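Listed below are the residues making up each chain.
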Amino acid sequence: MTKTFKTLDDFLGTHFIYTYDNGWEYEWYAKNDHTVDYRIHGGMVAGRWVTDQEANIVMLTEGIYKVAWTEPTGTDVALDFLPNENKVNGTIFFPKWVQEHPEITVTYQNEHIDVMEAAREKYATYPKMVVPEFATITYIGDAGQNNEYVISEAPYQGLPDDIRAGKYFDANYQRVNK
Ligand SMILES: C=Cc1ccc(O)cc1
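Residues numbered from 1 in each chain as written. Predicted model: local features only at pLDDT ≥ 70, side-chain atom pairs only at ≥ 80, totals over all residues. Heavy atoms only, no water.

### Considerations on the overall build of the chain
Part 1 of the argument: The helix and strand tally for the chain stands at four helices and nine strands.
Part 2 of the argument: Written out in order from the N terminus, the α and β elements of the chain read α-β-β-β-β-β-β-β-β-α-α-β-α.
Part 3 of the argument: Over its C-alpha atoms the chain spans a radius of gyration of 16 Å, differing by no more than 12% from the 16 Å that the globule rule assigns to 178 residues.
Part 4 of the argument: Taken over the C-alpha atoms alone, the chain extends approximately 45 × 40 × 25 Å along its principal axes.
Part 5 of the argument: Burial status across the chain gives 47% buried among its 178 residues.
Part 6 of the argument: Pairs at least 24 residues apart make up 56% of the contacts formed inside the chain by residues separated by at least 6 positions.
Part 7 of the argument: Of the roughly 8,400 Å² that the chain leaves accessible, carbon and sulfur atoms contribute 49%.
Part 8 of the argument: Across the chain, 15 positive and 27 negative side-chain charges occur, with their mean positions spaced 3 Å apart. (Helix = DSSP H or I, 4+ residues; strand = E, 2+ residues; numbered from the N terminus. Rg over C-alpha atoms; globule rule 2.2 N^0.38 Å. Buried < 20%, exposed > 50% of the residue type's maximum accessible area, 1.4 Å probe, protein only. Contact = heavy atoms within 4.5 Å. Areas by Shrake-Rupley, 256 points an atom, 1.4 Å probe, with all protein chains shown as cover. Lys, Arg positive; Asp, Glu negative; His and termini not counted. Charge placed at Lys NZ, Arg CZ, Asp CG, Glu CD.)

Right, here's the structure in full:
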């Protein structure tokens, strides 16, 4: 995709895959002006996926976007997207318990909010694990806003490659039949 990002509207509805310099691979979708979906393919919590996470999304200056949110796990996230440069800078602030028990969070979170809330009460928050990293964007897709097909199933080995190869979405950005 060779689109040039200029406005906030250019960013909303965009679907990204990127790899952090520490090797962690993330897939993330700007679903609308206050909602994000994502799937994690590599790193400490690979296998985790989330839809309809409320987030703050703004354009800082032309083509540069800031996204921040806090999760039911107590994890906080701040991302800066520079899509015209194929770069992201992200900082993740993990509570201590996620670092010690990442497997509790590796699920479709939306169906297990009670589990996340119980774990954050039971286990330690501090000291937090701060992960500040640059990432390189390996895929940009124009999914349109509020597209429920973008992040609609658990991550599997090879999913990012299927998307990059054009095997995952049809011409209307809907999931092709498996
Ligand atoms: C913890 C979630 C999360 C989602 C996307 C990203 O780039 C970093 C963290």
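That shown, we press on.
### Let's talk about the nonpolar core
Part 1 of the argument: Among the nonpolar cores identified, the biggest contains 35 residues, and Phe 11, Tyr 18, Trp 28, Val 67, Trp 69, Leu 79 and Phe 81 are the most heavily contacted of them.
Part 2 of the argument: Among residues more than four places away in sequence, those in contact with Trp 69 are Trp 28, Val 36, Tyr 38, Gln 53, Glu 54, Ala 55, Thr 75, Asp 76, Val 77 and Leu 79.
Part 3 of the argument: Counting 13 residues, the second largest nonpolar core, distinct from the first, contains Trp 49, Tyr 108, Val 150 and Ile 163. (Core = buried A, V, L, I, M, F, W, Y, C linked by side-chain atoms within 4.5 Å.)

### Points about the packing of aromatic side chains
Part 1 of the argument: This model, assessed by the stated rule, comprises 17 aromatic pairs.
Part 2 of the argument: Ring geometry for Tyr 18 versus Tyr 20: centroids 5.6 Å apart, planes at 90 degrees, classification edge-to-face. In this structure, Tyr 18 and Tyr 20 share a single accessibility class: buried.
Part 3 of the argument: Taken together, the ring pairs in this structure connect Phe 5, Phe 11, Phe 16, Tyr 18, Tyr 20, Tyr 26, Trp 28, Tyr 65 and Phe 81 into an aromatic cluster.
Part 4 of the argument: The lysine or arginine in question, Arg 175, covers the ring of Tyr 168, its NZ or CZ lying 3.8 Å from the ring centre. (Phe/Tyr/Trp six-rings, centres within 6.5 Å; stacked < 30°, edge-to-face > 60°. Lys NZ or Arg CZ within 6 Å of the ring centre and 35° of its normal.)

### Some points on the pattern of salt bridges
Part 1 of the argument: Evaluated as defined, the whole model comprises twelve salt bridges.
Part 2 of the argument: In this structure, the salt-bridge partner of Glu 27 is Arg 39, at a minimum N-O distance of 2.8 Å. Here Glu 27 is found in strand 2 (residues 25-32), whereas its partner Arg 39 is found in strand 3 (residues 35-40), with twelve residues between them in sequence.
Part 3 of the argument: A residue is classified by how much of its surface remains accessible, and Arg 39, at 0% relative accessible area, is buried.
Part 4 of the argument: In this structure, Glu 153 and Arg 175 form a salt bridge, with 2.8 Å as the shortest nitrogen-oxygen distance. Taken together, the residues Glu 153 in the loop between strand 9 (129-142) and helix 4 (159-164) and Arg 175 in the segment after helix 4 connect sequence positions 22 residues apart. Accessibility classification places Glu 153 together with Arg 175 in one group, the buried group.
Part 5 of the argument: A cluster of three or more residues bridged by salt bridges with shared partners is formed by Lys 31, Asp 37, Asp 52 and Glu 148. (Salt bridge = Lys/Arg side-chain N within 4 Å of Asp/Glu carboxyl O.)

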